Amino acid sequence: MPRTFLPFAVDDISALARSLRLQLAARTGTPGHVEMLNMLARAAGARNFQQLRAQTASSPAPSAPEPEPDLALVERTARHFDAEGRLASWPAKTSLQSLALWGLWSRIPAETVFSEVGFNQRLNAISQIGDPALLRRSMVHAGLVSRTDDCRDYRRIERGPPPDARALIRRLGPG
């Protein structure tokens, strides 16, 4: 029989320990596997293990807390942008480059189709490094921009930025 993995959490561990102690004290022998599952379920507030399993299956899975942004990484990346939020220099480290691309991504209008020339002009307006081809290819490779097979049309891919990118975008301000 396959194992069923169920999350087990209680609000008050002291109450859990007290309930288990009372249930074990009322027994004469060592509880079996199913008996122990039922004891844990009762200590958590369910009638038995079956009810606990049913409650867990019907309740939505708790979402993991969002990781905190790496503010040191954000600050190191922000140094490559000028006061107006334009990319002033291309970072040497790949981790900084990836984050810098998100800063550029935030300054490309959503749902707008650009020609290659138009996209290069937009990249030149939001960066000072003078290499729109590098930025264009990097953004396509990173999945931030899509282009047609003939490289005629470019558009920003709408997706949620990761926490570090959101922090950088806030740091750079409106574009």
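Residues numbered from 1 in each chain as written. Predicted model: local features only at pLDDT ≥ 70, side-chain atom pairs only at ≥ 80, totals over all residues. Heavy atoms only, no water.

Engineer: I'm lost on the overall build of the protein chain in this one. Help?
Structural biologist: The number of helices and strands found in the protein chain is eight helices and three strands. Start at the N end of the protein chain and walk to the C end: the helices and strands fall as α-α-α-α-α-β-α-α-β-β-α. Computed over the C-alpha atoms, the radius of gyration of the protein chain is 27 Å, more than 25% above the 16 Å expected from 2.2 N^0.38 for a compact globule of 175 residues. Summarising its shape, the C-alpha atoms of the protein chain cover approximately 80 × 35 × 25 Å along the three principal directions. (Helix = DSSP H or I, 4+ residues; strand = E, 2+ residues; numbered from the N terminus. Rg over C-alpha atoms; globule rule 2.2 N^0.38 Å.)

Engineer: Would you take a moment to explain the packing of aromatic side chains for this structure?
Structural biologist: The relative placement of two aromatic rings is captured by the distance of their centres and the angle of their planes. Scanning the entire structure with this criterion turns up three aromatic pairs. A ring pair is formed by Trp 102 and Trp 105, whose centres lie 5.0 Å apart and whose planes are at 70°; its orientation type is edge-to-face. With Trp 102 and Trp 105 both in helix 5 (residues 94-105) and three residues apart, this pair spans about one turn of that helix. On the basis of relative accessibility, which here comes to 5%, the residue Trp 105 falls in the buried class. One aromatic cluster in this structure is built from Phe 114, Phe 119 and Tyr 154. In this arrangement the basic side chain of Arg 156 is found over the ring face of Trp 105, its NZ or CZ atom lying 3.9 Å from the centre. (Phe/Tyr/Trp six-rings, centres within 6.5 Å; stacked < 30°, edge-to-face > 60°. Buried < 20%, exposed > 50% of the residue type's maximum accessible area, 1.4 Å probe, protein only. Lys NZ or Arg CZ within 6 Å of the ring centre and 35° of its normal.)

Engineer: It is not clear to me how helix 1 (residues 13-25) should be interpreted in this structure. Could you clarify?
Structural biologist: Along an α-helix, residues three or four apart share an orientation, since each turn contains 3.6 residues. Relative to the 18 Å expected for 13 residues at 1.5 Å per residue, helix 1 spans 18 Å between its end C-alpha atoms, a close match to the ideal helical length. Looking only at helix 1, the buried set comprises Leu 16, Leu 20 and Gln 23. For helix 1, the buried positions fall inside an angular range of 65° around the axis, keeping them on one side. Residues Arg 21, Leu 22 and Ala 25 are exposed on helix 1 and point more than 90 degrees away from its buried face. On its buried side, helix 1 packs onto helix 2 (33-43). (Expected span 1.5 Å × (residues − 1). Arc of directions from axis to C-beta. Contact = heavy atoms within 4.5 Å.)

Engineer: Can you walk me through the packing of helix 4 (residues 71-78) against helix 8 (residues 163-172) in this structure?
Structural biologist: The packing of two helices is summarised by the inter-axis angle and the distance between the axes. Put simply, helix 4 and helix 8 touch, their axes get as near as 9 Å, and they point 45° apart. Considering the angle they form, helix 4 stands oblique to helix 8. For helix 4 against helix 8, the interelement crossing comes out right-handed. Residues Leu 73, Val 74, Glu 75, Thr 77 and Ala 78 of helix 4 touch helix 8, and the partners they reach there are Asp 164, Ala 167, Leu 168 and Arg 171. Its residues assigned to classes, the contact of helix 4 with helix 8 shows five nonpolar, one polar and three charged. (Axes fitted to C-alpha atoms, helices over the stretch in contact; angles between N-to-C directions. Parallel < 35°, antiparallel > 145°, perpendicular 65-115°, else oblique. Left-handed = near helix turned anticlockwise from the far one by under 90°. Nonpolar A, V, L, I, M, F, W, Y, C, P; charged D, E, K, R; others polar.)

Engineer: It is not clear to me how the environment of Asp 150 should be interpreted in this structure. Could you clarify?
Structural biologist: Along the polypeptide, Asp 150 turns up in the loop between strand 2 (145-147) and strand 3 (153-156). Side chain to side chain, Asp 150 and Thr 148 meet in a polar contact 2.5 Å long. A distance of 3.1 Å separates the side chain of Asp 150 from the backbone nitrogen of Arg 152, its partner in a polar contact. (Polar contact = N/O pair within 3.5 Å; in protein donor to acceptor, adjacent residues only side chain to side chain.)

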